Structure formats: C-alpha cells, structure tokens
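Structural characterization, general
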Amino acid sequence: MFYHSLVSDWNHGNAHFLRGVVTDLEARGHAVSVYEPRDAWSVQNLVREAGQAPLAGFRRAYPGLRSTRYDLATLDLDRALDGTALVLVHEWNDHALVRRIGRHRAGGGKYRLLFHDTHHRCVTSPEAMAAYDLQHYDGVLAFGNVVRDLYLERGWAQRAWTWHEAADTRVFKPHPGVEREGDLVWIGNWGDEERTAELHEYLLEPVRELGLRARVHGVRYPSAAKAALAKSGAEYAGWLPNYEAPAVFARYGVTVHVPRRPYVQALPGIPTIRPFEALACGIPLVSAPWNDTEGLFTPGEDFLVARSGAEMKTQLRAVLHEPELAQRLAASGRRTILDRHTCRHRVDDLLAVYAELAPSAAQRTARALPPLAPGRLPAAETPLPRPAPAAPAAKAGP
C-alpha cells in the first residue's frame, strides 16, 4: 500500500480509513506493507507544529501498525513488491511514483494493481488527475459512484469500483459514562475557502445565537477564521489526533457536518470520513445540506438535515433539549455504521474486487489463511477512500 502517510493525520483525513483497513487485513492473517514518502507533507507539518510527541502517540495508539518511509529516487520496487499479491496506490502520491509502479507491473509484476481516489480533484483539478499514468493498472477504487463514473467516462481507467470510506470501529466507538463538558463540538479543517460561507451559516452563527458551549478542532485556520470563532463564542482547540476524537465526542451533546462545496455541487453521494466517525461514536449529528444519492444512511433517522441556518438552530436546540431524540439519533446512526459501514465491510469489498481480478489466486489465498478465531474481530461489527503534483502540495482535508 503506497499512501501519503500512515503515521500522521494532520490535514489528512484518509489516515483513519487507511489505519482501519490495514488493521483489519492484518487481523485476517494478511501481511501488509505500507510505504509513505520520507518527506510526507502531513508529517512535516505535524512535527513542525507539535514536535515528535504525536508520532510517539501514534505508536502507542496503534502498536501493531508500521510503515516504511522511502525516498522516491532510491525506492527499490523489485524488493518492495517481491511476492506481493495486491498493490494499492493512493492518489495523494507523486505522479512519477504512480507511473513507475505501473511500468513495474507491465515489466512482469505478477500482482494486481489498483489506484485509490479519495478526493474531489477529479472535478476541481481534472488536469492533474488526467496526468496520472494508469494504463498498466487493473482499475480504480473510487470513494463514490460519481468519481468512479468520471474515471470511466473520461477514459482515465478501463475498470473502476466504488469503495466508500468507513469507520474503524475498533477505535471509533462510544465512551459511556464520560462527564459532559459542553454542547457542541466540531472536528474539521477550515477548508481553503471551499466552505467558508457555510461554516458561518451552519456552525458559527448557530453557536453564537444559541449561546452554545462549543469547541472546534482542526488545522490551517487563518487569522480571520480564528477571529470569527472567537466572535461566535466557540473555543478553538487546534489539532486533535484522529484517534482521540471518540473521547472528545463523548464530552459533548451534538456535532455538525458541513460538507465542502465540491461534494454538494459536483460530487453528491460522498459524505467524506467525518459523518462515519461521528455516527460510529454515538454522538447525535446535524448536517448542512448534503444529498445522499447512494443511500448510505437514512436522513432523519441516522442524523438530522438542516437546509438553512435557521433550521440548523432549530435542529440543534431540539437535540440538546430533547434527550429521547438525541438518544434515538445516536442509536440509529451507530447501528447503521455497524451494519454497513465499518472497515471490516470495506475489506470484504476489497477482497471481492481482488477475487474478481484474480479468482484462482484469491481462492488459494483463502485456503491458505487460517480461519478467524472467535473474538478476533468485534462480534457487533462485522466500495476503496489524495495526491499532489510532482512535488506534493498542501491539500484540504475533511
């Protein structure tokens, strides 16, 4: 698996899904190697902001996960890919790496090779996506039907599958018995002007007008954004390690989802990772307008939808003052995650794609792996989820 980073989630929402998929694959007996660039932008910014401590925190939170950091100029693909059955290359990778792995496959690689897209650049930066050389790839894993269809319609790939993101429910789960500290928490990055007006309408103004005790986590907040938070009365608490989000959710009564504009206007059906995280943790969720064209959830039951700022205030007030409503939303949302949207479900989907591409090899692999022992995976829990040009640039996270 060639991804931007396993160890850092600083402005890197895909880290949650990557960690969950690797954990589940390894729990099933598969050997997984994750490669990330030595100069990964997310890691550099994390260390610049918080030092080395967050990297140690990752190792404590995920003691079984390891990655290999590489330099593109010296990466030995013969050695890295020897004996590999399946290779995933995420779109937040250097164009040269994507091309080199494709050529390695064409030069005799026996593995199956898939490109994984979890970003909106197919509509916001199509020229950058068209520049990826995927001619030797078996296909594309896209995090929504609309992205999958764009790859096929534009001739960027001959085959593509939908692989939605999902929650790692080993980590993202309720923390019962935690004392309430406030009313509303929002975890997300400001959004590079992709949702500034929406954040004011659906987050800051409701917080201010309702007088809510609110906390906001995220990175890359410009000074104007921090001033707007202060004016609303919300506390800005900076970067939060992704794996600590469940404990924070547990201390608040409600959260909101404010999609970026590309996902509302051009890429309906893609929720991004944030709703999966919140619903898995059992916190009531109120969403700004978002069209669930793929039927991933049941709006009105799993979460509420506010179609205006005024409606957001009404919905938030109801959730915070009607315990039965809050409990019903939390239970329904978590049940939908456990029934349909865990990393275990997505690994099932990934292995089904592999079986379609290499049916005989998949059957041999299944016979060779030991059966799962009872309790290896939680009993209640059991579509794939950003690249930059040649020199990876800053990208907007969820």
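Residues numbered from 1 in each chain as written. Predicted model: local features only at pLDDT ≥ 70, side-chain atom pairs only at ≥ 80, totals over all residues. Heavy atoms only, no water.

A separate point is the overall build of the chain. Within the chain one finds 17 helices and twelve strands. Relative to the compact-globule value of 21 Å for 398 residues, the chain shows a C-alpha radius of gyration of 21 Å, a close match. Expressed as a percentage of its 398 residues, the buried residues of the chain come to 58%. Counting every atom, the chain has about 16,200 Å² of accessible surface; 49% of that belongs to carbon and sulfur. In the chain, the 47 positive side-chain charges and the 45 negative ones have mean positions that sit 4 Å from each other. (Helix = DSSP H or I, 4+ residues; strand = E, 2+ residues; numbered from the N terminus. Rg over C-alpha atoms; globule rule 2.2 N^0.38 Å. Buried < 20%, exposed > 50% of the residue type's maximum accessible area, 1.4 Å probe, protein only. Areas by Shrake-Rupley, 256 points an atom, 1.4 Å probe, with all protein chains shown as cover. Lys, Arg positive; Asp, Glu negative; His and termini not counted. Charge placed at Lys NZ, Arg CZ, Asp CG, Glu CD.)

The next subject is the packing of helix α1 (residues 14-27) against helix α16 (residues 343-357). Interaxial distance between α1 and α16 falls to 9 Å at its minimum, and their mutual angle equals 70°. One finds that α1 runs roughly perpendicular with respect to α16. Facing α1, whose interface residues are Phe17, Gly20, Val21, Asp24 and Leu25, α16 presents Cys343, Arg344, Arg346, Val347, Leu350 and Leu351. When grouped by side-chain class, the residues that make up the contact of α1 with α16 number seven nonpolar, one polar and three charged. (Axes fitted to C-alpha atoms, helices over the stretch in contact; angles between N-to-C directions. Parallel < 35°, antiparallel > 145°, perpendicular 65-115°, else oblique. Contact = heavy atoms within 4.5 Å. Nonpolar A, V, L, I, M, F, W, Y, C, P; charged D, E, K, R; others polar.)

All of the buried residues in helix α10 (residues 223-232) are Ala225, Ala228, Leu229 and Ser232. For α10, the angular spread of buried residues about the axis comes to 100°, placing them on one side. Facing away from the buried surface of α10 by more than 90 degrees, the exposed residues are Ser223, Ala230 and Lys231. Where α10 is buried, its residues touch α9 (196-210), β8 (214-217) and β9 (235-236). Just past α10, the residue glycine 233 takes up positive phi, approximately 95°. (Arc of directions from axis to C-beta.)

Turning our eyes to something else, we now look at the packing of aromatic side chains. Inspection of the entire model under this criterion finds 18 aromatic pairs. Both rings, one in phenylalanine 2 and one in tyrosine 35, keep their centres 5.0 Å apart while their planes meet at 20°; by these two values the pair is stacked. Residue phenylalanine 2 is located in the segment before α1, and its partner tyrosine 35 is located in strand β1 (residues 35-37); the two are separated by 33 residues in the primary sequence. Accessibility assignment for this pair places phenylalanine 2 and tyrosine 35 in one class, buried. Here the aromatic rings of phenylalanine 276 and phenylalanine 297 are separated by 5.4 Å at their centres, their planes lie at 50°, and the arrangement is tilted. (Phe/Tyr/Trp six-rings, centres within 6.5 Å; stacked < 30°, edge-to-face > 60°.)

Before going further, it helps to spend a moment on helix α13 (residues 273-280). Among the eight residues that make up α13, eight are buried, leaving the element largely enclosed by the rest of the structure. Glycine 282 lies just past α13 and shows a positive phi near 75°.

What follows concerns unusual backbone geometry. One non-glycine residue, asparagine 11, lies in positive phi territory at about 55°. On the secondary structure map, asparagine 11 appears in the segment before α1. On the accessibility criterion, asparagine 11 (2% relative accessible area) is buried. The backbone of threonine 272 sits at a positive phi, close to 65°, despite the residue not being glycine. Looking at where threonine 272 falls in the secondary structure, it is placed in the loop between α12 (261-265) and α13.

This next bit is on the sheet that holds strand β6 (residues 160-162). Strands sit in the order β3-β4-β5-β6 across an open sheet of four strands; the sheet is parallel. The sheet is open, and its two borders are formed by β3 (86-90) and β6, each paired with just one other strand. Put simply, the sheet's adjacent strands are angled 25° from each other on average, direction ignored. Where β3 lies against strand β4 (residues 112-117), five bridges are found, and the strand directions are parallel. Bridge pairing in β4 links histidine 90 to histidine 116. Relative to β4, helix α5 (residues 95-106) is tilted by about 160°, and along the sheet it contacts β3 and β4. Across the face of the sheet, α16 comes into contact with β3, β4, β5 (139-142) and β6 while running at roughly 140° to β4. (Pairing = 2+ DSSP bridges.)

Right, let's get into the confidence of the model for the chain. Per-residue confidence for the chain gives a mean pLDDT of 91; residues scoring 70 or more make up 90%. Segment residues 370-398 is flagged for pLDDT under 50; beyond a separation of four residues in sequence, or across chains, it makes 115 contacts in the model. (pLDDT = per-residue confidence, 0-100.)

Residues Gly139 and Leu141 of β5 are buried on one face, and the alternating residues Val140 and Ala142, pointing to the opposite face, are buried as well. As defined by bridge partners, β4 adjoins β5 across four bridges and the pair is classed as parallel. Bridge assignment links leucine 114 to a residue of β5, and that residue is glycine 139. Direction of pairing for β5 relative to β6: parallel, over a ladder of three bridges. Residue pairing for β6: leucine 141 is matched across the bridge by tryptophan 161. As a crossover connection, the stretch from β5 through helix α8 (residues 145-153) into β6 is right-handed. (Right-handed = clockwise from strand over helix to strand, strands pointing away.)

Tracing the backbone shows leucine 134 in the loop between α7 (126-130) and β5. In sequence terms leucine 134 and glutamate 181 are 47 residues apart; their C-alpha atoms lie 49 Å from each other. In this structure leucine 134 touches Val98, Phe115, Val140, Tyr151 and Trp156, once residues within four positions along its chain are discounted.

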